[in-house]
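# A look at the structure
The residues making up each chain are set out below.
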Amino acid sequence: QLSTTGFLVLTNVPDYDEAEFLRACKALHALPAEVKRTLYLAHDEPRNSNRYRGYHPFKANDASHKEFLDVGLPIGQLDADERALPLYEETPWPTGA
């Protein structure tokens, strides 16, 4: 429902490997700052073109106190109607790390 709660818990996800997920999270947060900056959204790094997908850095004055990587399906996996929507864009991934 999510009308009164801001999060949810998924259980029994096929092929989910918690250890692999934790390893990937730690690897993301351990990236050098200059690599993470290439993943920032355009409003945090004007040289980047991604507006919706990418890295949201921790901001000291943000009440949410979080940093995260917003990802989506590869554009090629979307149908033509979905690809036409403005909220869909490729997820930037780190290179050279």
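Keep in mind the model is a prediction, meaning the values are calculated, not measured. (Residues numbered from 1 in each chain as written. Predicted model: local features only at pLDDT ≥ 70, side-chain atom pairs only at ≥ 80, totals over all residues. Heavy atoms only, no water.)

Let us look at the overall build of the chain. The secondary structure content of the chain amounts to three helices and two strands. Counting helices and strands in the order they occur from the N terminus, the chain gives α-α-β-β-α. C-alpha atoms of the chain, sized along the principal axes, occupy 35 × 35 × 30 Å. Burial statistics for the chain: of 97 residues in total, 21% are counted as buried. Taking as baseline every contact in the chain between residues at least 6 positions apart, the subset at least 24 positions apart corresponds to 30%. For the chain, the exposed area adds up to about 7,700 Å²; of that, 56% sits on carbon and sulfur atoms. Charged side chains in the chain number 10 positive and 15 negative. The centres of these two groups are separated by 7 Å. (Helix = DSSP H or I, 4+ residues; strand = E, 2+ residues; numbered from the N terminus. Buried < 20%, exposed > 50% of the residue type's maximum accessible area, 1.4 Å probe, protein only. Contact = heavy atoms within 4.5 Å. Areas by Shrake-Rupley, 256 points an atom, 1.4 Å probe, with all protein chains shown as cover. Lys, Arg positive; Asp, Glu negative; His and termini not counted. Charge placed at Lys NZ, Arg CZ, Asp CG, Glu CD.)

We now examine the packing of aromatic side chains. Working definition: an aromatic ring pair is given by the centre-to-centre distance plus the angle between the planes. Following the criterion strictly, the structure yields two aromatic pairs and no others. Centre to centre, the rings of Y16 and F21 are 6.2 Å apart; their planes meet at 50°, and the pair counts as tilted. A relative accessible area of 46% places Y16 in the partly exposed class. Between the aromatic rings of Y40 and Y55, the centroid separation amounts to 5.6 Å while the plane-to-plane angle is 20°, which identifies the pairing as stacked. You can see Y40 sitting in the loop between α2 (33–37) and β1 (54–56) and its partner Y55 sitting in strand β1, a full 15 residues away along the chain. Taken as a pair, Y40 and Y55 share a single burial class, namely buried. (Phe/Tyr/Trp six-rings, centres within 6.5 Å; stacked < 30°, edge-to-face > 60°.)

This brings us to the pattern of salt bridges. For the structure shown, the criterion picks out five salt bridges. Across the salt bridge formed by R23 and E20, the nearest N and O atoms sit 2.9 Å from each other. Taken together, the positions of R23 and E20, both in helix α1 (residues 18–30) and three residues apart, correspond to about one turn of that helix. For R23, a relative accessible area of 47% translates into the label partly exposed. The salt bridge involving R37 is made with E45; its shortest N-O contact spans 3.0 Å. We classify R37 as partly exposed; its relative accessible area is 34%. Residues joined by salt bridges that share partners form a network here, namely R37, E45 and R47. (Salt bridge = Lys/Arg side-chain N within 4 Å of Asp/Glu carboxyl O.)

Structural measurements only, silent on function.
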